Amino acid sequence: MINIKIDPRILEACPECRIGLIRATVVNGPTSDGLWAEIEAAAEEIKQRYELLEINQRPAIAGTRRLYKALGKDPSRYRVSSEALCRRIIRGLGIYRLTTLIDVVNLVSIRSGYAISGLDGDRIEGDTLMMSVGTHEDVYNGIGRGLLNIEGMPVYRDAKGPIATPTSDEERTKFTEETRTAQININAFVPEMPVEEAVDWMASLLKKYAQATDVETAIYDPNK
């Protein structure tokens, strides 16, 4: 399992922070009808439960937004990924059907409220991810976004540079259909769904839909 370190500035802003970790050997590919049915059911629950202006009050989303503000980032301009997903659902725009790994991450994110980093484990440099604060010097290509200004965002860095934020993961370590090792980090800056439950559910979905083997799970708690 990969090692996690967190910048004290982030822990000061969200002392309850815990990170759920899942690593597995997987087979990626087109999303099955079964997985898509689960996503559609989760989306319908969100539509029934929340109004558009209420979604940023979900505990996990609100906690991540507060962290952005504490670090100097505008969370309404650079939306947390889970918030962006839920907003699309409530507005009736739907969400894209992509690949198994991406859609498993999206499903857990929709239901839990957590921003989740889905990374190709074989493209991560080194054995440690450091969550620090983005700077104006960082060059970051967000998936489908091009150059993204991550100054003031919490960001995971490997030995080579920044690879994931709660707004968007980076092109270098994104899931592709060639991905064989999934490294998934569930970013629980403030609790909503119990992190243990989110981790176990993610692992079970990977086994069910991505033929996952060699599944490892852990929870990084900086207070222990």
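Refer to the structure printed above.
Chains are numbered independently. Their residues run from 1 in the order of the written sequence. The predicted nature of this model means local features are confined to residues of pLDDT at least 70 and side-chain atom pairs, given and counted, to a pLDDT of 80 or more, with totals for whole chains, interfaces and linings taken over all residues. Hydrogens and water are ignored here; the side-chain numbers use all heavy atoms of the structure.

A look at the overall build of the protein chain
Here a helix means four or more residues in a row that DSSP labels H or I, a strand means two or more in a row labelled E, and each is numbered from the N terminus. Within the protein chain one finds 6 helices and 10 strands. Both definitions apply: the radius of gyration is a C-alpha atom measure, and the globule rule equals 2.2 Å times residues to the power 0.38. Against the globule reference of 17 Å for 224 residues, the protein chain gives a C-alpha radius of gyration of 16 Å, in line with a compact fold. Only protein chains enter the accessibility calculation, which uses a 1.4 Å probe; a residue is then buried when its area is under 20% of its type maximum, exposed when over 50%, and partly exposed in between. A total of 224 residues make up the protein chain; the buried ones form 55% of that total. When contacts within the protein chain are restricted to residue pairs at least 6 apart in sequence, long-range pairs at least 24 apart make up 76% of them. About 10000 Å² of surface is accessible on the protein chain, with carbon and sulfur atoms providing 47% of the total. Only heavy atoms matter for contacts: two residues are in contact if any of them lie within 4.5 Å across the pair. In these tables, accessible area is a Shrake-Rupley quantity obtained with a 1.4 Å probe, and a residue counts as shielded only by the protein chains included in the view.

Let's talk about the sheet that holds strand S9 (residues 181–188)
Between any two strands, at least two bridges found by DSSP are needed for them to pair. Strand order in this open sheet of 4 strands is S3-S9-S2-S10, and the pairing throughout is antiparallel. Each edge of the sheet is formed by a strand with only one pairing partner; in this case those strands are strand S3 (115–120) and strand S10 (213–220). On average, each strand axis in the sheet is tilted by 15° relative to the strand beside it, whichever way the strands run. Across 8 bridges, strand S2 (residues 18–25) lies against S9 in antiparallel orientation. Paired with Ile22 across the bridge in S9 is Ile184. This element, helix H5 (residues 100–112), spans S3 and S9 of the sheet and lies at about 165° to S3. For helices, the axis comes from a line fit to the C-alpha atoms of the stretch in contact; other axes are also lines fit to C-alpha atoms, and the angle between any two N-to-C directions lies between 0 and 180 degrees.

Everything listed is a geometric property; what it means functionally is a separate question.
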